[in-house]
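Summary of structural features
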Amino acid sequence: MAVLRNFALSPRSFVHRLVWLMVPAWFALAAAPARAACTGPQALEAKVRAHPTAAGWAELGNWFGGQKNFACAAQALQSAVRLEPRSAQLTYLLGLAYYEQGKFDDAVAPLQRSAAADGTALKPHLLLGSVYVHVSRLAEAEAQWRAALAIDPKSAMALDGLSDALMDQQKFDAVIALLRSAPLDEKLTLELAAAYSQAGLPVQAVDTVSKAMKTYPDSVPLANTLVSLYIKVTRTLDAEKLAEQTYKAHPDDVGVQLAYLHSLVLNGDWTPAGPVGKKLLTETPHDFETLYLNGVLERQEGDYAAARDHLAEAVTLQPNHGSAHANLGIALARLHDAAGAKAELQKAIDLGNPEPETYFELANVLRALGETDAARSEMQQYQEIVKENNNTILAVSKAGEAAQAFDKGDTQHAIDLYREAFTAAPKNALIGYRLATALDKAGDLDGERTALEQVIAIDPTIALAQNQLGYLESQRGDYAAAEGHFRAAVNAAPRFAEAWINLAATLGVESKFSDARQAVETALAIDPSDAQAQQLSHELADAKNQTSKN
């Protein structure tokens, strides 16, 4: 479905929006590779010949800038900078002129000089960050965005640039730390939601986009993203409701049509799905989602030949999509191609397709091929999955009720419902973690510890659970156990700044000052502006000095 980052501005479009809004009215760009090719208004030309001042070149360059003749602008600015080499404004504008020509390497030096000449200027850092992105120097780009935020912590453009750089490096926890308390526009909301989703926190992603939808109720990117997230957290009815509303408002938007069709197919709402699917086939006939969703729809309608053709094309586009192979296998089975159906259904299972129908259909195909023992084995697998799925449906329903009770402040009822859900689905670590969260709010620390221990027994790589267990152990004075959990947390999520801070504090209590310093330095490398990490760094230094004196 909708990719969370589809709606991000490219670095170039971001800076193009930025620079012309912030350039002063007297902005001067002029000249070209050959002076004769750069001829401005006669009065301005006469002025720079008679009195070649930096301001004169700036005035002429302003005219060239207005004409978007950036080659001539760069040459004029070179003349201006030669006359006033320490001018932060002129060196910035020279870097800008190079940038607009796509001469990113040439832009670096003047922008660096501009930033050095005026430590309070925001613009050079913003533009230099984008230049570094263009030349694939991401670490240096990140440093420039951070420098810009040190000047203006609420700069949307700096937050935009830094979050893009961090997302490109898959530093999802760092994006969360950066944006969770920042003022969010549509794009930054999508960035934060993407980071939450990629970090395995889809519920937080849903909350983030839901809140933004109240501010931007007509945003198609936010609506499509929220539909996708609702589907991810199995809130498929909510997904369909929102997708339908968005479709009615934007019936010709292909992304909206796909989101709506996806939700209809997931909910088995076949009647309205038909016209939407046919419309998409005329507009994007070779798009994977269009082919796949129409194939599923046609299979349900009994048009197996059409389903086969569309699904066969879909799996050539995305050969690792298990559900597409499963649906193709079922269509082939209905067309009496048992061998072809077996291959597709087995491929779906090999790719991890969890649907019990896949095993049931494969059992029937194997039976038709005379492979009785194999058919019996697949049928047994089908029955086990059906039982597990029924328990999961019950658990998800109970967990949904629990979440509502928790939001309303009825913590004890939420705990009871989460316990029922976790009993029904004892392998569901997410439900176990939600139970632990509710127990924490109720002040039941022993119950919380038990739930968290069950969670990490299911999946020891859940960093949030390891971090919270570490906190609980530290509260009762078992610092060795706390250290172990904090180390497990940072091993599972190396850019989990909070866990690094907790580890550093624990190591400090244990007088392991060298290791503590390394841990807090790691936290500061993730987020240099983290006040808690900064304070802890000073406290560790003081504690080490005091220990040395004693």
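Residues numbered from 1 in each chain as written. Predicted model: local features only at pLDDT ≥ 70, side-chain atom pairs only at ≥ 80, totals over all residues. Heavy atoms only, no water.

1. Brief notes about the confidence of the model for the chain
- In this model, the chain carries an average pLDDT of 86, and 92% of its residues clear a pLDDT of 70 or more.
- Mean pLDDT values over the elements of the chain span from 34, in helix α1 (residues 11-22), up to 97, in helix α18 (residues 304-317).
- Every residue in residues 1-36 scores below 50 in pLDDT, and together they form 127 contacts with partners more than four places removed in sequence or on other chains. (pLDDT = per-residue confidence, 0-100. Helix = DSSP H or I, 4+ residues; strand = E, 2+ residues; numbered from the N terminus. Contact = heavy atoms within 4.5 Å.)

2. A few points about the state of the cysteines
- Throughout the structure, instances matching the rule amount to one disulfide.
- Through a disulfide, Cys-38 is tied to Cys-72; the S-S separation comes to 2.0 Å. In this structure, the disulfide formed by Cys-38 and Cys-72 twists by about -85° around the S-S bond and is classed as left-handed. A residue pair is termed long-range when its members are at least 10 positions apart, and Cys-38 in the loop between α1 and α2 (42-50) and Cys-72 in helix α4 (residues 70-83) qualify at 34 residues. (Disulfide = S-S within 2.5 Å.)

3. What to know about the packing of aromatic side chains
- This model, assessed by the stated rule, comprises four aromatic pairs.
- For the pair Phe-360 and Tyr-382, a centre-to-centre distance of 5.1 Å together with 55° between the ring planes defines the contact as tilted. Remark: Tyr-382 occurs in helix α22 (residues 372-407) and Phe-360 occurs in helix α21 (residues 356-368); sequence separation between them is 22 residues.
- Sitting over the face of the ring of Phe-406, Lys-441 holds its NZ or CZ atom 4.8 Å from the ring centroid. (Phe/Tyr/Trp six-rings, centres within 6.5 Å; stacked < 30°, edge-to-face > 60°. Lys NZ or Arg CZ within 6 Å of the ring centre and 35° of its normal.)

4. Overview of the packing of α22 against helix α23 (residues 411-424)
- α23 packs onto α22 with a crossing angle of 165° between their chain directions and a minimal axis gap of 8 Å. One way to sum up the angle between α22 and α23 is to call them roughly antiparallel. The interaxial crossing formed by α22 with α23 has left-handed handedness. Only Thr-411, His-413, Ala-414, Leu-417, Tyr-418, Glu-420, Ala-421 and Ala-424 of α23 make contact with α22, whose side of the interface consists of Asn-391, Leu-394, Ala-395, Lys-398, Ala-399, Glu-401, Ala-402, Ala-403, Ala-405 and Phe-406. (Axes fitted to C-alpha atoms, helices over the stretch in contact; angles between N-to-C directions. Parallel < 35°, antiparallel > 145°, perpendicular 65-115°, else oblique. Left-handed = near helix turned anticlockwise from the far one by under 90°.)

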